[in-house]
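Working through the structure, step by step
Each chain, written out:
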Amino acid sequence: MVEQIQSRPHTSTTPDHRWAAPEADRAEKMRVRRSLVLISVLGLVLVLAAVAAMGIGRLALPVDRVGAIVIDQLAGLVGLKPGLADDVSPAETSTVWLIRAPRVLLTILVGAALAVSGAVLQSLFRNPLVSPDVIGVSSAASFGGVLTILFGLGSLALVSGAFAAGLAAALLIMALGRIRTGSPILTIVLGGIVVSALFNALVSLVTYLADPYTTLPSITFWLMGSFASASWTHVLTAIIPILPCLIVVYLLRWRVNLLSLGDDEARSLGVRPERLRMFLIVMVALMTAATVAVSGVIGWVGLVIPHLVRLLIGSDNRILLPGSALLGGLYMLVVDTMARSVIEVEIPVGILTAIIGAPVFVYLLVRGAKGGKLLA
């Protein structure tokens, strides 16, 4: 009897998992491939939209003429003369290269910076409702900007003042984050709320003191957010802090993934969460201050765009961050093009982002509630 039992083939009720790992690897590769395809499509659409946006306005230009002007100007910077835009008038060249091109690049930079900042903060705090406004940098940069407008110091001082105030707020939040409490994340959030309330009050004070016939309209329009004064100087001012910060954040993408798992898990994998979190907050603060300095306060981008990207490609920051940058730049470009071309009077971009962002965020909230989650 024993021999018969031993000679029987082994049959186990435990499921065979031999094919589970290959299937999981295959599904992961398919997901990454789809995400890369989507990112490539977003990048291509962004380039085409940028060229199209340069031709939209009171002086409408076809895409081929815009492309010829841009190629000729870029080639001229390196000493080449393709001659593609020989039949283009000086007015068309000036309109495209000196007015619309810097504005288009600035909108893409600002949109990418705000979207990536929101994605990073939501991962750091593990909270889908966090945006760059939470850490108080936007309010501080606003105060620096309106203060320079109050004293009539000019556009260069405005950019410098907004950036300096935003950086000061970031340093203040870092100091508050070093206070020993039970939850460092909660300390940073509460510190950001305090800093934001303080600088909002200072902005209100400056607005109250401003001349209602001369200075106050300028302050009000700037606070609404606009790219009307965009120039190559503004592009240079924005790209110096924003581009390095975007690169650094992307290089730390896998560490951001670890922080999103929790501090204990991050420590077990060799990451010091406190230092890394503060460093990333400084990167976000620099990008946010730069955006406010060149375009004023623009809300909702850092809150809504990361959620839309998560719906499309998931929550892996290796793909979420570049996807947020591309979609944020595209979204801001489309909104700004609408703002300057829908009606004769230009609409402040901050108004349109709020009008568009609020309903979209409500939709995401309802959609997440139906799926058993707060948000995607």
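Now for a quick tour of the structure. (Residues numbered from 1 in each chain as written. Predicted model: local features only at pLDDT ≥ 70, side-chain atom pairs only at ≥ 80, totals over all residues. Heavy atoms only, no water.)

Next up on the list: the side chain of Asp 72. Of note, Asp 72 is situated in helix 3 (residues 63-77). Ignoring anything within four residues of it in the chain, the contact list for Asp 72 reads Pro 82, Gly 83, Leu 84 and Ala 85. (Helix = DSSP H or I, 4+ residues; strand = E, 2+ residues; numbered from the N terminus. Contact = heavy atoms within 4.5 Å.)

All right, on to helix 4 (residues 90-125) then. Spanning 36 residues, helix 4 covers 51 Å between terminal C-alpha atoms, matching the ideal 52 Å at 1.5 Å per step. Taking the largest bend as the criterion, helix 4 deviates by roughly 40 degrees, centred on Arg 100, and proline Pro 102 comes between one and four positions later. Counting buried residues in helix 4 gives 30 out of 36 residues, a clear majority hidden from the surface. Two residues or fewer after helix 4 comes Arg 126, characterised by a positive phi angle close to 50 degrees. (Expected span 1.5 Å × (residues − 1). Bend = angle between axes of the 7 residues up to and from the residue. Buried < 20%, exposed > 50% of the residue type's maximum accessible area, 1.4 Å probe, protein only.)

In this section: empty space enclosed by the protein. This structure, assessed with the given rule, holds two cavities of 30 Å³ or more. As for the largest cavity, its lining consists of Leu 114, Ser 131, Pro 132, Asp 133, Ser 138, Thr 288, Ile 298, Gly 299, Trp 300, Val 301, Gly 302 and Leu 303. When the residues that make up the lining of the largest cavity are grouped by side-chain class, the tally is six nonpolar, five polar and one charged. Roughly 40 Å³ of internal volume is contained in the second largest cavity. (1 Å grid on protein atoms, 1.4 Å probe; cavity = no way out; pocket = protein on both sides within 12 Å on 5 of 7 lines; lining within 4 Å. Points joined across faces, edges and corners; volume = space filled by probe spheres on them. Nonpolar A, V, L, I, M, F, W, Y, C, P; charged D, E, K, R; others polar.)

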